[in-house]
Amino acid sequence: MHDLRALRADPDAFDADLKRRGEPPVASAILELDRERRAAETALQECQAQRKTLSKEVGALRRTGADSSAVEEKSAALRARMEELSTQVADLDTKLRGTLECLPNRLAADVPDGRDESGNVVCHTWGSVPEMAFPAKEHFELGEALGLMDFETASRLSGARFVVLRGALARMERALGQFMLDLHVRENGYDETSVPVLVHDAAMYGTDKLPKFADQSFRTTDGRWLVPTAEVPLTASVAGEILAADTLPRRMVALSSCFRSEAGAAGRDTRGMLRQHQFQKVEMVSITAPEDSEAEHERMTRCAEMVLERLGVPYRRMLLCAGDTGFGAARTFDLEAWLPGQKAWREISSCSTTRDFQARRMNARYRAADGKPAFVHTLNGSGLAVGRTLIAVMENGQNEDGSITVPEVLRPYMGGTDVIRGGAK
């Protein structure tokens, strides 16, 4: 998950990156563990060589009928020492790995400083914030008044942070997912993929969700995980592989159910469906050669922006600062949609490059120009979160009478429906 050679070469830069994220320095402790482990490995190799020599001596002595007991005693002592060193190497390797796997990714140089979201930088804004001649309602006010958004039934069925959608809103949710998939496949060159939503530990670990974020996900009684995003199975699909260079970039997209425990979110967005335990999301994943990943990050973000532009939803692109950049990301662009009911910009997509951070964890490589295996770069982005897009479409398309105007691009997916009214099917 981290390049130890780069850390050895410039430990101060490693600690400087951690400091930008608000993390304490660890380079010296890691290098000490690394030195101890390498010293133990060297000692083990020396013992192995000595024992091999002694084994030859024992054989020679036995062939001549000479007494080999003294040499055999030395060999036995070496074997005991080798067992000690093997245990020591394994323990040090576990400690080193345990330290490294909980450290965040190195930040890209252009990530701005900042402690939290207040340090994020607006890159550009698209669309005009609508001026409504009436008090704008929030999505749950609109949905409940239409009789198409039911939180009470969902609560009886499953508890808090669930929703039942009915009639035209259920159809709009489905239409949004289909529209997004069609756009990304037909125009943006992604391969549509259907993935499992239950995965093993290795897939979650390789995509940096374990061990740090175990409390953010749901686990089944048989030890599998409900995916927090289709990023996990899409990215992990290349784990352990050495890809041919001419197959890159690989661009995959999937619409899936996603599940998050929302641990630590008590009291946040408790009304409505902004923060749910279960939701639909269209996820884009790219696997690239290192030299192509910067351009791919911009391309992926533009693909997400296209969705909002086609829907006519005002948005702004944000470059996240160091303190707000996610654990596995080297750089993240967030897209924030304008929600008239909240009178606020809210995140609707995150597009991140992890560079080789995930590839190292899952040993995903490609055959470089020199013929040697090298780590790929992985990128992921929401294209988009379907529930949050539904919210944005509802609030931006609301009318004074409580009806909702359907964006033109969605109407073919909704049987020509142009306005959703109360009781609409």
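Everything that follows concerns the structure shown earlier in this document.
Below is a summary of the structure that appears in this document.

Parameters and conventions
Residues numbered from 1 in each chain as written. Predicted model: local features only at pLDDT ≥ 70, side-chain atom pairs only at ≥ 80, totals over all residues. Heavy atoms only, no water. Axes fitted to C-alpha atoms, helices over the stretch in contact; angles between N-to-C directions. Helix = DSSP H or I, 4+ residues; strand = E, 2+ residues; numbered from the N terminus. Parallel < 35°, antiparallel > 145°, perpendicular 65-115°, else oblique. Left-handed = near helix turned anticlockwise from the far one by under 90°. Salt bridge = Lys/Arg side-chain N within 4 Å of Asp/Glu carboxyl O. Expected span 1.5 Å × (residues − 1). Buried < 20%, exposed > 50% of the residue type's maximum accessible area, 1.4 Å probe, protein only. Contact = heavy atoms within 4.5 Å. Pairing = 2+ DSSP bridges. Phe/Tyr/Trp six-rings, centres within 6.5 Å; stacked < 30°, edge-to-face > 60°. Lys NZ or Arg CZ within 6 Å of the ring centre and 35° of its normal.

1. With respect to the packing of helix α3 (residues 27-64) against helix α4 (residues 69-100)
Line of reasoning, step 1. Orientation of α3 relative to α4, taken along the N-to-C sense of each, is 160°, at an axis distance of 8 Å. Classified by the angle between their axes, α3 and α4 sit roughly antiparallel to one another. When the axes of α3 and α4 are compared, the crossing they make is left-handed.

2. Focus on the pattern of salt bridges
Line of reasoning, step 1. Summed over the entire model, instances satisfying the criterion amount to 32 salt bridges.
Line of reasoning, step 2. Here Glu231 makes a salt bridge to Lys209, at a shortest N to O gap of 3.0 Å. With a gap of 22 residues between them, Glu231 in helix α9 (residues 231-236) and Lys209 in the loop between α8 (201-206) and β6 (225-226) connect regions that are remote in the sequence.
Line of reasoning, step 3. The shortest N-O distance in the salt bridge between Glu309 and Arg302 comes to 3.0 Å.

3. Thoughts on α3
Line of reasoning, step 1. Over its 38 residues, α3 runs 56 Å from end to end, which matches the ideal 56 Å to within 8%, given 1.5 Å per residue.
Line of reasoning, step 2. The complete set of buried residues in α3 reads Ala27, Ile30, Leu31, Leu33, Asp34, Arg37, Ala40, Leu44, Cys47, Leu54 and Val58.
Line of reasoning, step 3. Of the surrounding elements, those touching the buried residues of α3 are α1 (4-9), α2 (11-20) and α4.
Line of reasoning, step 4. Two residues or fewer after α3 comes Gly65, characterised by a positive phi angle close to 80°.

4. With respect to the pairing of strand β9 (residues 278-288)
Line of reasoning, step 1. For β9, the buried fraction is high: 9 of the 11 residues fall into the buried class.
Line of reasoning, step 2. Bridge count for strand β8 (residues 250-259) against β9 is 10 bridges, and the pairing is antiparallel. Paired with Arg250 across the strands is Ile287, a residue of β9.
Line of reasoning, step 3. In this structure, β9 lies alongside strand β15 (residues 377-385), joined through 7 bridges in antiparallel fashion. Opposite Lys281, over in β15, you have Ala385 as the bridge partner.

5. Examining α4
Line of reasoning, step 1. Helix length check: α4, at 32 residues, gives a terminal C-alpha distance of 46 Å against a target of 46 Å (1.5 Å per residue), a fit within 8%.
Line of reasoning, step 2. Listed in full, the buried residues belonging to α4 are Val71, Ser75, Leu78, Met82, Leu85, Val89, Leu92, Leu96 and Leu100.
Line of reasoning, step 3. Where α4 is buried, its residues meet α1 and α3.

6. Considering the packing of aromatic side chains
Line of reasoning, step 1. This structure, assessed with the given rule, holds 5 aromatic pairs.
Line of reasoning, step 2. Ring centres 5.8 Å apart and planes at 15° place the aromatic pair Trp126 and Tyr315 in the stacked group. Here Trp126, found in strand β1 (residues 121-126), pairs with Tyr315, found in strand β10 (residues 315-319); they are 189 residues apart in sequence, far enough to count as distant.
Line of reasoning, step 3. Seen from their ring centres, Trp338 and Trp345 are 5.3 Å apart, and the 65° between their planes marks the pair as edge-to-face.
Line of reasoning, step 4. Taking the relative accessible area as the measure of exposure, Trp338 reaches 14% and is therefore buried.
Line of reasoning, step 5. Here Trp345 falls in the partly exposed class, since its relative accessible area comes to 22%.
Line of reasoning, step 6. Here Arg317 stacks its cationic end above the ring of Phe333, 4.7 Å away from the centre of that ring.

Functional significance is not addressed by these values, which are geometric in nature.
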